[in-house]
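Summary of structural features
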Amino acid sequence: MRVKDHPVLSFPEREEITFTYQGKEVTARQGETIAAALHNHGVLELSKSGDKLRPRGLFCSIGKCSSCLMTVDGVPNVRTCITLAQEGMVVEKQEGFPDLPREAEPLEPSSTETRETDVLVIGGGPAGLKASLTAADAGGDVTLVDENPFLGGQLIKQTHKFFGSSDLDAGTRGIAIGDDLVGAVKAHENIEEMTGTSAVGVYKEAVGLYKNMEKFVKLNPGKLIVATGATEKMIPFPNNDLPGVYGAGGIQTLMNVHGVKPGKSAVIVGAGNVGLIVTYQLLQAGVDVQAVVEVAPEIGGYFVHAAKIRRFGVPILTCHTVLEVVGEERVEGVRIGEIDENSELLQESTQYLDVGIVGLSVGLSPSYKLLAHAGCELQLNPVLGGYVPIRDQRMRTTRDDVYVAGDASGIEEATSAMLEGTIAGADAAIELGVGGGREEEKIDDCLNKLKDLRAGPYYRELRKSIQGVEIG
Amino acid sequence: MKSRDVIIIGGGSTGLSIAYYLSKFGVDDVSVLEMNYVGSGSTGRCGTGIRAQFADEATIKMMKHAEGEWRELAEEIGFEFRQTGYLYLHHTEEELNQYRQIKELQNSLGVPTEILTPTEARELCEPLDVSKLTGASYNPEDGKAHPFEVVTGFKKYFQEGNVELRENVKVVEVELRKEGRLKKVETADGTYETEVLVNAAGGWAPAVGEMMGLDLPVEPYRHQAIITEPFKPGTIEPMVISMKHESAYLTQTERGGIIGGVGTPEDERPTYDTTETLDFEERVSRAFTAIIPSLKYARILRHWAGYYATSPDGNPLLGEYKVPGHYLAAGYSGHGYMMAPSVGEGIAELITSGETELPLDYYDPERIDRGELRDAAVQMG
Ligand SMILES: Cc1cc2nc3c(=O)[nH]c(=O)nc-3n(C[C@H](O)[C@H](O)[C@H](O)COP(=O)(O)OP(=O)(O)OC[C@H]3O[C@@H](n4cnc5c(N)ncnc54)[C@H](O)[C@@H]3O)c2cc1C
Ligand SMILES: Cc1cc2nc3c(=O)[nH]c(=O)nc-3n(C[C@H](O)[C@H](O)[C@H](O)COP(=O)(O)OP(=O)(O)OC[C@H]3O[C@@H](n4cnc5c(N)ncnc54)[C@H](O)[C@@H]3O)c2cc1C
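Residues numbered from 1 in each chain as written. Chains lettered and ligands numbered in written order. Predicted model: local features only at pLDDT ≥ 70, side-chain atom pairs only at ≥ 80, totals over all residues. Heavy atoms only, no water.

On the side of chain B, 31 residues touch chain A, which itself brings 31 residues to the contact. Counting each side, the surface lost to burial between chain A and chain B is near 2,700 Å², with a carbon and sulfur contribution of 54%. Area buried by chain A at its contact with chain B is led by Phe97, Leu100 and Arg102 of chain A, which between them contribute 26% of it. Applying the counting criterion to the chain A and chain B interface returns five salt bridges. A salt bridge links Arg122 of chain B to Glu103 of chain A; its shortest N-O distance comes to 3.3 Å. For the pair chain A and chain B, the number of links is 17 residue pairs in polar contact (both at pLDDT 80 or more). When contributions to the side of chain A that touches chain B are tallied by element, the ones reaching two or more residues are strand E6 (75-79) and strand E14 (215-226) of chain A. (Contact = heavy atoms within 4.5 Å. Buried area = accessible area lost by both parts, 1.4 Å probe. Salt bridge = Lys/Arg side-chain N within 4 Å of Asp/Glu carboxyl O. Polar contact = N/O pair within 3.5 Å; in protein donor to acceptor, adjacent residues only side chain to side chain. Helix = DSSP H or I, 4+ residues; strand = E, 2+ residues; numbered from the N terminus.)

Shown next, in the form of structure tokens:
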């Protein structure tokens with residue numbers, strides 16, 4: 001099901017390609033992921049889980065949750081949410097853990113490669129894009145890797161105008177900022193971009209990069225900037241694993257990147273900014289959102305976002321939670337109910353909503369694993385979303401050649417991610433001897449902007465938490 | 001101060017097994033002191049493999065006996081010992097002939113090893129590339145057991161019996177009497193009086209030895225292993241060994257992950273560093289994909305390192321050593337997990353009766369002082 005008549009986005013016709021799914025031919029648009037293409041044809045169930053053979057569908061859509069694994073051209077466990085559909089591909093559903101193929105060509109000796117770079121940036125979201133541009137502008141050689149087929153991270157699906165202060169891109173749509181940054185990165189002669197490439201470990205000898213299941217690159221950077229973003233959180237309720245339960249970012253990818261409508265009707269869980277924005281975007285894409293449920297007594301997100309969706313008549317039900325998802329093979333409906341101040345369910349309040357989509361917007365947690373592997377000291381910090389690295393104001397972790405920026409350093413937003421990325425990129429350049437006074441100025445400027453951004457009572461907890469993980 | 005008949009330092013496969021057999025023989029007044037948690041040393045990091053395919057009489061006897069005990073232990077304390085065999089791949093006529101001779105020795109000691117053709121080897125493990133093989137050795141009685149199932153099995157068993165197992169209790173000092181006998185053991189949390197002390201501290205055995213003024217000939221060598229994402233279980237049942245490919249060993253766990261590793265490089269020095277290396281990941285990938293090409297599709301999920309606590313001749317040091325009442329059980333050099341039942345039974349017999357029918361005298365630690373080094377046992381997995 002395609003999105004039609006979107007008020008902000010247009011999805012121009014692109015070349016069609018054909019691949020096979022379970023032996024049948026299906027079409028896809030050029031540049032579309034396998035999972036998005038299948039979704040468009042109504043295929044929600046991508047596999048059966050390993051142990052219990054439960055149906056599994058798309059969830060995060062950014063390569064982090066492994067709910068979309070399929071066998072592609074005989075290769076098992078391919079993340080179909082970040083793998084582009086290609087002409088003639090053979091895509092198969094996995095029923096439980098996949099079979100290890102019985103035959104294969106031997107591994108080519110050329111399958112590994114050793115390289116060096118001044119600055120390696122892992123993650124091409126707003127933080128990584130800014131870090132790359134800043135270090136490259138200073139004259140450093142930058143390698144930017146991202147495991148998605150395109151750069152931009154979570155930014156390229158933000159069709160709404162940004163919140164925040166006026167000189168910090170507020171009022172501009174996220175996608176527009178994303179397009180600008182990605183364009184600048186692609187045009188920059190000091191930046192080598194490697195998409196479809198996963199960083200799998202930060203070893204003493206080098207960083208291990210895995211490119212398109214084909215090549216293993218051992219990259220030895222002068223400085224490493226980890227800008228891996230965040231993973232969407234999940235909450236427990238019966239059937240929370242059925243196809244049709246998505247992370248908010250996953251829904252955005254389907255609708256706003258690929259122009260695929262996730263379904264006809266939805267319930268959104270969580271009334272923070274992300275939940276409210278996704279609700280509005282679903283409405284824009286023509287999806288009927290029946291309710292936003294929020295377990296807290298108050299709406300967490302901004303008033304403007306809440307007001308916008310109320311105008312569409314979508315109720316925001318505070319003190320409400322999901323009791324269960326109903327369905328065998330996919331979401332067929334959801335039972336919700338109200339809870340009192342002791343977290344007890346008010347029995348008479350339960351209601352059944354007939355929807356095919358349950359969108360979870362219950363927070364994100366920083367993708368810290370590479371930092372842990374690098375030996376950076378971490379701290380568990382609930383306000384920042386989970387484990388975050390200890391760092392100084394210049395985003396240096398406890399390993400002086402490793403920086404962090406963006407959501408990986410604690411969940412905030414794209415604006416702070418860009419500022420932190422700039423700081424990390426500038427400091428890395430200075431430390432490497434390519435940056436100088438101009439980079440110092442950039443750092444000062446960004447530090448001031450971060451201060452402004454985090455000012456005000458709304459951010460008191462956040463400020464305290466950030467101070468708690470900052471050293472030096 | 002508590003008084004115990006026997007204090008065992010170390011809650012790995014060695015210490016737990018010795019405690020088990022002591023309690024079987026009626027010595028209930030036993031404490032196992034573990035500075036971390038059970039299995040946190042090399043045991044929980046091991047490759048799960050259990051085999052009787054060795055090349056020397058003593059080790060074959062120890063392991064033939066151990067496999068019988070593993071079967072009974074599995075029943076009694078509740079874990080799975082899956083006898084899916086060890087499959088040694090041979091790549092030259094010379095290697096094949098050498099293993100034919102070893103097979104004769106193994107057969108004469110009751111180990112039913114067979115020599116297989118490459119096609120027969122492939123029947124046991126379909127994804128294997130057998131095109132360059134001259135043959136394979138296979139003992140169907142060899143197998144594997146998951147170390148965490150084993151240590152938690154022991155733990156539960158002790159909870160129901162009388163053995164005291166204490167985790168997060170580190171032994172920091174050992175006090176001897178004037179005449180040189182043991183007096184007490186000091187821990188970070190309490191003191192024990194004892195006349196019998198078992199040093200089952202794995203890679204840390206030298207530190208425990210030092211507490212008694214002993215310089216033990218054991219050195220820790222880092223050894224790494226990996227496990228991949230799961231595939232349909234039952235695809236790689238035997239432990240597959242290829243000496244040609246850096247002494248690689250690999251098999252599939254019950255859940256479906258492919259676990260294994262390659263040998264320690266020649267230039268590796270003793271170390272307590274357990275950081276995993278990219279070099280290992282590359283070597284293991286090359287070796288594994290040469291043995292089973294389709295493993296190039298398998299992603300490594302976890303990669304870790306532990307110790308091979310190594311003795312000068314590559315064989316364990318087992319028995320009473322220098323301080324009366326001090327029993328050493330360490331220095332396996334890479335195959336200490338599989339031996340645990342025989343070591344446990346043998347040491348428990350030495351403690352209770354002073355003798356055992358198992359060939360423990362072959363592993364008498366004093367051989368090193370006497371300069372009688374044994375041939376190194378075949379190592380890996
Ligand atoms: C629904 C929604 C609405 C939002 N609305 C706003 C808003 O209005 N205003 C605002 O300021 N912010 C908003 N945000 C938040 C904002 O999108 C994020 O804070 C921002 O994108 C974080 O940027 P980042 O660069 O740290 O990470 P991301 O944008 O998450 O990018 C991380 C990138 O790293 C890559 N990566 C991760 N691990 C690896 C690896 N091992 N190897 C290679 N690549 C890897 C990923 O593929 C990804 O592309 C919203 C977020 C969501 C989900
Ligand atoms: C990667 C790898 C793969 C392997 N594969 C195999 C295999 O397939 N088959 C096989 O048979 N063997 C294998 N081995 C070898 C095997 O793991 C060891 O030989 C065996 O586990 C040794 O057991 P242990 O109980 O003697 O030592 P450990 O398991 O190391 O136990 C010693 C314990 O003593 C404790 N300790 C130390 N000092 C003190 C103190 N002062 N106070 C209190 N507690 C203390 C430690 O915390 C530790 O838990 C492998 C090893 C590695 C590292």
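Counting across every chain of the model gives three cavities of 30 Å³ or more. Lining the largest cavity, in full, are Ser61, Ile62, Asp146, Asn148, Phe150, Gly153, Ile156, Lys157, Thr253 and Val257 of chain A. For the lining of the largest cavity, the class distribution of residues is four nonpolar, four polar and two charged. Of the volumes computed, that of the second largest cavity is approximately 60 Å³. Taken together, 11 residues line the second largest cavity, and the ones lying closest to its centre are Gln53, Phe54, Tyr99, Ile102 and Gln106 of chain B. Looking at the lining of the second largest cavity, the element that brings in the most residues is helix H3 (residues 93-108) of chain B, giving four residues. Of the residues belonging to the lining of the second largest cavity, the class tally is six nonpolar, four polar and one charged. (1 Å grid on protein atoms, 1.4 Å probe; cavity = no way out; pocket = protein on both sides within 12 Å on 5 of 7 lines; lining within 4 Å. Points joined across faces, edges and corners; volume = space filled by probe spheres on them. Nonpolar A, V, L, I, M, F, W, Y, C, P; charged D, E, K, R; others polar.)

On to the sheet that holds strand E8 (residues 94-95) of chain A, then. The strand order across the open sheet built from three strands is E4-E3-E8 (chain A), with neighbouring strands paired in mixed fashion. The sheet is open, and its two borders are formed by strand E4 (55-56) and E8 of chain A, each paired with just one other strand. (Pairing = 2+ DSSP bridges.)

Our focus in this paragraph is the packing of aromatic side chains. The geometry of two aromatic rings is summed up by the distance between their centres and the angle between their planes. All names here are of chain B. Enumeration according to the criterion identifies 19 aromatic pairs over all chains in this entry. Summarising the aromatic geometry, the rings of Tyr20 and Phe154 are spaced 5.8 Å apart at their centres and angled 65 degrees between planes, so their arrangement reads as edge-to-face. Within this pair, whereas Tyr20 is found in helix H1 (residues 13-24), its partner Phe154 is found in helix H5 (residues 147-160), the two being separated by 134 residues in sequence. Here Tyr20 falls in the buried class, since its relative accessible area comes to 4%. Arranged with centres 6.2 Å apart and planes meeting at 35 degrees, the rings of Trp70 and Phe81 form a pair that is tilted. On the criterion of sequence distance, the pair formed by Trp70 in helix H2 (residues 57-78) and Phe81 in the loop between H2 and strand E4 (86-90) is long-range, its members being 11 residues apart. (Phe/Tyr/Trp six-rings, centres within 6.5 Å; stacked < 30°, edge-to-face > 60°. Buried < 20%, exposed > 50% of the residue type's maximum accessible area, 1.4 Å probe, protein only.)

Residues and elements named next belong to chain A. One way to put it is that helix H2 (residues 126-137) packs onto helix H3 (residues 174-187) with a least axis distance of 10 Å and a crossing angle of 40 degrees. For the element pair H2 / H3, the angle class is oblique. Note that H2 runs across H3; the crossing there is left-handed. Listed contacts from H3 to Leu129, Lys130 and Leu133 of H2 are Leu181, Val182, Ala184 and Val185. Each residue belonging to the contact of H2 with H3 can be placed in one class, and the counts come to six nonpolar, no polar and one charged. (Axes fitted to C-alpha atoms, helices over the stretch in contact; angles between N-to-C directions. Parallel < 35°, antiparallel > 145°, perpendicular 65-115°, else oblique. Left-handed = near helix turned anticlockwise from the far one by under 90°.)

Residues and elements named next belong to chain A. Within the element layout of this structure, Val90 appears in strand E7 (residues 90-92). Judged by relative accessible area, Val90 falls into the partly exposed class, the value being 36%. A C-alpha to C-alpha distance of 22 Å links Val90 and Ile62, two positions 28 residues apart in sequence. Filtering out sequence-adjacent residues up to four positions away, Val90 remains in contact with Thr20, Thr71, Val72 and Asp73.

What follows deals with the nonpolar core. All names here are of chain B. Grouped together as the largest cluster of nonpolar side chains are 64 residues, with contacts concentrated most on Val6, Ile8, Leu22, Trp70, Phe79 and Leu318. For this core, the element with the highest residue contribution is H2, accounting for nine residues. Domain assignment of the residues forming this core places at least three in each of domain 1 (2-45 + 148-218 + 313-370) and domain 2 (83-142 + 220-308). Those residues within four positions of Ile8 in sequence are excluded, and the remaining contacts are Gly15, Ile18, Ala19, Leu22, Val30, Ser31, Val32, Leu33, Val198 and Ala200. (Core = buried A, V, L, I, M, F, W, Y, C linked by side-chain atoms within 4.5 Å. Domains from an automatic or database assignment.)

The next point concerns the domain arrangement of chain B. All names here are of chain B. Here the domain parsing of chain B yields domain 1 (2-45 + 148-218 + 313-370) and domain 2 (83-142 + 220-308). For domain 1 versus domain 2, the separation of C-alpha centres amounts to 30 Å. Counting residues at the interface gives 10 residues for domain 1 and nine residues for domain 2. Interface area lost by domain 1 to domain 2 is led by Arg45, Gly203 and Trp204, which between them contribute 52%. The tally of links between domain 1 and domain 2 comes to zero salt bridges. On inspection of domain 1 and its partner domain 2, the count reaches four residue pairs in polar contact (both at pLDDT 80 or more). Taken together, the residues of the side of domain 1 that touches domain 2 sort by class into four nonpolar, four polar and two charged.

Turning to the pairing of strand E5 (residues 69-72) of chain A, a few remarks are in order. Side-chain direction in a regular strand flips from residue to residue, so the side chains alternate between the two faces of the sheet. Residues and elements named next belong to chain A. The alternating pattern of E5 places Leu69 and Thr71 and Met70 and Val72 on opposite faces, both of which are buried. Judged from the three bridges that link them, E5 and E6 form a sheet pairing that is antiparallel. Bridge pairing in E6 places Met70 opposite Val78. In this structure, the hairpin formed by E5 and E6 is closed by a connection of two residues, where Asp73 is found at a positive phi of approximately 50 degrees. Pairing of E5 with E7, which is carried by two bridges, proceeds in the antiparallel orientation. Considered in E7, the bridge of Val72 is made with Val91.

Residue and element names in this part refer to chain B. In the vicinity of ligand 2 there are 39 residues, among which Thr14, Glu34, Thr43, Gly47 and Met338 approach most closely. Here an oxygen atom of ligand 2 and a backbone polar atom of Ser42 are 2.9 Å apart. Gly49 has a polar backbone atom sitting 2.9 Å from a nitrogen atom of ligand 2. Among the elements of the structure, H1, strand E12 (219-228), strand E16 (300-310) and helix H8 (336-353) are those that each provide at least two residues to the shell around ligand 2. Residue composition of the shell around ligand 2, by class: 16 nonpolar, 20 polar and three charged. When residues of the shell around ligand 2 are assigned to domains, at least three map to each of domain 1 (2-45 + 148-218 + 313-370) and domain 2 (83-142 + 220-308). (Near = heavy atom within 4 Å.)

Residues and elements named next belong to chain B. Across all of its chains, the model carries 52 salt bridges over all chains by this definition. The residue Asp273 makes a salt bridge to Arg222 at a minimum N-O spacing of 3.5 Å. Pair noted here: Asp273 is in the loop between strand E15 (258-261) and helix H7 (278-291) and Arg222 is in strand E12, with a separation of 51 residues, a long-range link. You can call Asp273 partly exposed: its relative accessible area is 28%.

Residue and element names in this part refer to chain A. Running from N to C, H2 and helix H8 (residues 414-431) cross one another at 30 degrees; their axes reach a closest spacing of 7 Å. Looking at the two axes, H2 sits roughly parallel to H8. H8 is crossed by H2, and the crossing has right-handed handedness. For the pair H2 and H8, the contacting residues are Pro126, Ala127, Lys130, Ala131, Thr134 and Ala135 in the first and Ala414, Ala417, Met418, Gly421, Thr422, Gly425, Ala426 and Ala429 in the second. Of the residues belonging to the contact of H2 with H8, the class tally is nine nonpolar, four polar and one charged.

Moving on to the domain arrangement of chain A. Residue and element names in this part refer to chain A. Looking at the assigned domains, one finds that chain A contains domain 1 (16-95), domain 2 (111-231 + 365-468) and domain 3 (245-363). In this structure, domain 1 and domain 2 have C-alpha centres spaced 29 Å apart. Taken together, the nine residues of domain 1 in the interface contact 14 residues of domain 2. Buried surface at the junction of domain 1 and domain 2, both sides included, amounts to about 830 Å², of which 53% is carbon and sulfur. For the domain 1 face of the interface with domain 2, the top three residues by lost area are Ile62, Lys64 and Ile82, together amounting to 63%. At the junction of domain 1 and domain 2, the tally comes to one salt bridge. Here Arg79 and Glu147 are joined by a salt bridge, their closest N and O atoms 3.1 Å apart. On inspection of domain 1 and its partner domain 2, the count reaches six residue pairs in polar contact (both at pLDDT 80 or more). For the side of domain 1 that touches domain 2, the residue count by class is four nonpolar, three polar and two charged.

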